[in-house]
Amino acid sequence: MNMLTKENIKKKVVADDFESPDFYDIDALLTEEQLMIRDSVRQFVKKEISPIIEDCCEQAVFPEHIVKAFGELGAFGPSIPETYGGGGLDEISYGLIMQEIERGDSGMRSTVSVQSSLVMYPIYKFGSEEQRKKYLPKLASGDMLGCFGLTEPDFGSNPSGMLTKITDAGDHFILNGSKMWISNSPKADVAVVWAKNEAGRIKGVIVERGMEGFTTPEIHGKWSLRASITGELSFDNVKIPKENILPGKDGLGAPLMCLDSARYGIAWGAVGAAMSCYETARKYASERIQFGKPIAGFQLIQKKLTEMLTEITKAQLINWRLGKLKNEGKATTAQISMAKRNNVEIALQIAREARQILGGMGITQEYPIMRHMMNLESVITYEGTHDIHLLIMGHDITGIPAFQ
Ligand SMILES: Cc1cc2nc3c(=O)[nH]c(=O)nc-3n(C[C@H](O)[C@H](O)[C@H](O)COP(=O)(O)OP(=O)(O)OC[C@H]3O[C@@H](n4cnc5c(N)ncnc54)[C@H](O)[C@@H]3O)c2cc1C
C-alpha cells in the first residue's frame, strides 16, 4: 500500500449534500449536545473524507494524515474521561460519531473504532495509572496510532485457542507468536496484544514499535476496506518490560469486553453506510428517467426504497435504545450481538438493493454504493462473524452454548 500524504491524494470536488433519513423523528430523542456532535462529524466527513475516499480506495491507500485530523476532531476515545485526553461523552454520542464516519467509509470508521474501543478502552479499563498517562493522551490526539491483536492465523472465531505466548523471564517477559488480520498494524506505534502465560491464562500486553523482534507486515490484495491498512503482528522473542502488562483484568473476558465496545460502534457505523446507500439511491431514482418518467415512480423501485427505509428506521431505534442501556451500564453482550448482526446485515442488503436501483451506474465509483458494499463484506465478518453473533444470541436465549 502506498503512503500518500494529504498533499498528493487527489481531492475531488464532490457535492456531498448528505442529510440522514429520519422517518420516525429520532432526532427528537437526541440531546442538543448529541445533535451538535453528530453535525460536526458530518461536516468533517464532507470536508475531509468524501473528497479523497474514492481515490484512496481505488489505489488502496491509507490516508495517513487523517489520524491527526481525527484526533483534532475528538473522534478518538470519545467516552474516555477528559483527564486522559478523551471526550468524556456519553455512549450515544460515541455511536453517532461512528455512524457519521462510516457514512463516509467503513475503513475510516475501522481506524477510529480500533483506536477508541480496542486500544484506548483496554488501556483505560485494565491499565495502570502510569500506562493511562503514558498512552491515552497521545492516542486521543492522534499523535500515536494503535492496533489490537487478538486473531491468529489458526484462531479467528475461537480466540481461546491462541498460540501466542508470554513467558516470565525474571525482570521482563518474552513474547512469541503471531497475529493476523490486524487493522492499523503496519502503521501502529503501539499494539495491545493478547497472549497466554505459562499457566494458559490470557494476558493483555502493550507492545511498542521498535521493540526488537517485533514486526508488522502488511496484508495486500483486499477488495474490501481498501482505505484501511491491515497487517500481521509477528513476535520473535520480543523482550517486554514488566510494566507493559495490563494489570487490571486477564482471561478471555478482557478482550471480549473490548469487542463489546467495538461491536457497539459497528452497529451504529453500519447504519451510516446504509443511510449513504439509501440516500444515493433515492436521489438517483428521482432523477433517472426511463419509459418517460422518473424510475422512482415505478412500484418495484418504491418497494425497494420503502423496505430500505423501514430497515434503517428499525436499526436507528435499536441503536438509540442500546445506547441508553449502555449509558446505564446495562447493555449485555447478547444485546450488542443482536445490534451488530442485524445492522450489518441490513446495511449489506440495502447496499445490494441500492446498487440495483442505480443500474449500470451502481458499479462505478461515481457513487459510493459499490465501495460500501465491498467494505461491508469485511464488517459482517470482523468483530465476530454474522453466524458467531447468532450463536451468542442462541446461547443467551437457550442457556446452551452451540459453539462446539
Ligand atoms: C479487514 C479485517 C480487519 C480485521 N481487523 C482485526 C483486528 O484489528 N484485530 C483482530 O484481532 N482481528 C481482526 N480481524 C479478524 C476478524 O475478527 C476475524 O476474521 C473473524 O473473527 C473471523 O475469523 P476467521 O477469519 O479466522 O474466520 P473463521 O473463524 O475461520 O470462520 C470461518 C467461517 O466459519 C464459521 N464458523 C466458525 N466457527 C463456527 C462455529 N462454531 N459454528 C458455526 N460456524 C462457525 C464462521 O462464522 C465463518 O463463516 C479483521 C478481519 C478483517 C477481514
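Since we're looking at a predicted model, the values are computed, not measured.

Each value, and the rule that gives it
Residues numbered from 1 in each chain as written. Predicted model: local features only at pLDDT ≥ 70, side-chain atom pairs only at ≥ 80, totals over all residues. Heavy atoms only, no water. Disulfide = S-S within 2.5 Å. Buried < 20%, exposed > 50% of the residue type's maximum accessible area, 1.4 Å probe, protein only. Axes fitted to C-alpha atoms, helices over the stretch in contact; angles between N-to-C directions. Helix = DSSP H or I, 4+ residues; strand = E, 2+ residues; numbered from the N terminus. Parallel < 35°, antiparallel > 145°, perpendicular 65-115°, else oblique. Left-handed = near helix turned anticlockwise from the far one by under 90°. Contact = heavy atoms within 4.5 Å. Nonpolar A, V, L, I, M, F, W, Y, C, P; charged D, E, K, R; others polar. Near = heavy atom within 4 Å. Polar contact = N/O pair within 3.5 Å; in protein donor to acceptor, adjacent residues only side chain to side chain. Areas by Shrake-Rupley, 256 points an atom, 1.4 Å probe, with all protein chains shown as cover.

**Comments concerning the state of the cysteines**
Tallying each qualifying case throughout the model produces zero disulfides. Cysteine Cys 56 shares no disulfide, and the gap to the nearest cysteine sulfur, in Cys 57, comes to 6.8 Å. A residue is classified by how much of its surface remains accessible, and Cys 56, at 1% relative accessible area, is buried.

**Side note on the packing of helix α8 (residues 333-357) against helix α9 (residues 369-379)**
Relative to each other, α8 and α9 sit at 150°, their axes nearing to 9 Å. The angle between the axes of α8 and α9 places the two elements in the roughly antiparallel class. With respect to the hand of their crossing, α8 and α9 are arranged in left-handed fashion. Along the contact surface, α8 presents Lys 340, Val 344, Ala 347, Leu 348, Ala 351, Arg 352, Ala 354 and Arg 355, while α9 presents Ile 369, Met 370, Met 373, Leu 376, Glu 377 and Val 379. Considering only residue class, the contact of α8 with α9 consists of ten nonpolar, no polar and four charged.

**Here's the deal with the site of the ligand**
The local shell around the ligand holds 18 residues, among which Thr 151, Ser 157, Trp 181, Thr 385 and Phe 403 are the closest. Measuring from a nitrogen atom of the ligand, one finds a side-chain N or O atom of Thr 151 at 2.7 Å. A distance of 2.7 Å separates a nitrogen atom of the ligand from a polar backbone atom of Trp 181. Protein coverage of the free-state accessible area of the ligand, which is 980 Å², stands at 67%. Secondary structure elements with two or more residues in the shell around the ligand: β3 (172-183) and α10 (386-398). Taken together, the residues of the shell around the ligand break down into nine nonpolar, seven polar and two charged.

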